[in-house]
Amino acid sequence: MATQTATPRVKAPRILKVKVAKAVPAHDPIMAEFIEVVKSLRENAFTPAMLKELIEGIKKPYVDEKMLEREKREAAKTKKDMENQRILVAKAQSLCRHTYKNGGEAIATVHNFPDRQTRGQCNLCRCWIEPAHYEIGFDQIPRLVPEHPLYQRVRQIEAETSWQLVG
Ligand SMILES: [Zn+2]
């Protein structure tokens, strides 16, 4: 009840402005009850401000706090998993000898690049071996990427097998 008294008194909508006759017989209990009902309706009527507030509340998009929390947790877990995966791959590549068990070369050469420079890729650890080249970053500034430490080996493989490509 305390909350009802705290709400501001706003002019009642026109529909509730029922004129009650002044000369109401005091002994008429039905009429007295009717007056009470009308008074109550006037006091508890939905004002335009209250209706507006109600409609705005309905129009607000539904936000599921638990779902947002879950999405945040899952995103953090995905990031952590990706980082772990990156560390594992880097470790595997650093430990790889890039040769098969029988001593054969596991690095395969790749030639179809527009700069005509050969790339290499290990068939075991999938490490990508590139020569020194320029890369254009998101800021459109070309930057020189240094040669991969294993590129000398790609050069060697290329020199050993180039006779197969000629003729
Ligand atoms: Zn390898």
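(A) Representation of the overall build of the chain in the model. Along the chain, the regular secondary structure elements total five helices and five strands. The secondary structure elements of the chain, listed N-terminal to C-terminal, are α-α-α-α-β-β-β-β-β-α. Buried residues in the chain amount to 4% of all 167 residues. Long-range pairs, those at least 24 residues apart, make up 33% of the contacts in the chain between residues at least 6 apart in sequence.

(B) Structural view of unusual backbone geometry. The backbone of His98 sits at a positive phi, close to 60°, despite the residue not being glycine. At Gln140, a residue that is not glycine, the phi angle is positive and equals roughly 65°. Within the secondary structure layout, Gln140 lies in the loop between strand S4 (133-136) and strand S5 (142-145). By the C-beta count within 10 Å, which is 6 here, Gln140 ends up exposed.

(C) Layout of the sheet that holds strand S3 (residues 128-129). With antiparallel pairing, three strands are arranged side by side in an open sheet as S1-S2-S3. Across the chains shown, the open sheet's two edge strands, defined by having one partner strand only, are strand S1 (107-110) and S3. Both strand S2 (residues 119-122) and S3 contribute to a ladder of two bridges, which runs antiparallel. Within S3, the residue paired with Gly120 across the bridge is Ile129.

(D) Focus on the pairing of S5. Pairing between S4 and S5: four bridges, direction antiparallel. Bridging from a neighbouring strand, Tyr134 pairs with Leu144 of S5.

(E) Main features of the environment of Glu105. With respect to the secondary-structure elements, Glu105 resides in the loop between helix H4 (65-95) and S1. Of the residues examined, Glu105 has 17 C-beta atoms within 10 Å and is grouped as partly exposed. Considered as a pair, Glu105 and Asn123 are 18 residues apart in the sequence and their alpha carbons are 9.2 Å apart. In this structure Glu105 touches Thr99 and Ile157, once residues within four positions along its chain are discounted.

(F) Looking closely at the environment of Val110. Position of Val110 relative to the elements: it lies in strand S1. Taking the number of C-beta atoms within 10 Å as the measure of exposure, Val110 has 14 and is therefore partly exposed. Taking the C-alpha atoms as reference points, Val110 and Gln121, eleven residues apart in sequence, are found 7.5 Å from one another. If we ignore the near neighbours within four places in the chain, the residues touching Val110 are Thr118, Arg119, Gly120 and Gln121.

(G) View of helix H3 (residues 48-59). The terminal C-alpha atoms of H3, which comprises twelve residues, lie 16 Å apart, in line with the 16 Å expected from a rise of 1.5 Å per residue. Burial analysis of H3 places just zero of its twelve residues in the buried class, a small minority of the element.

Criteria and cut-off values
Residues numbered from 1 in each chain as written. Predicted model: local features only at pLDDT ≥ 70, side-chain atom pairs only at ≥ 80, totals over all residues. Helix = DSSP H or I, 4+ residues; strand = E, 2+ residues; numbered from the N terminus. Buried ≥ 20, exposed ≤ 12 C-beta atoms within 10 Å, placed from the backbone. Contact = placed C-beta atoms within 7 Å. Pairing = 2+ DSSP bridges. Expected span 1.5 Å × (residues − 1).

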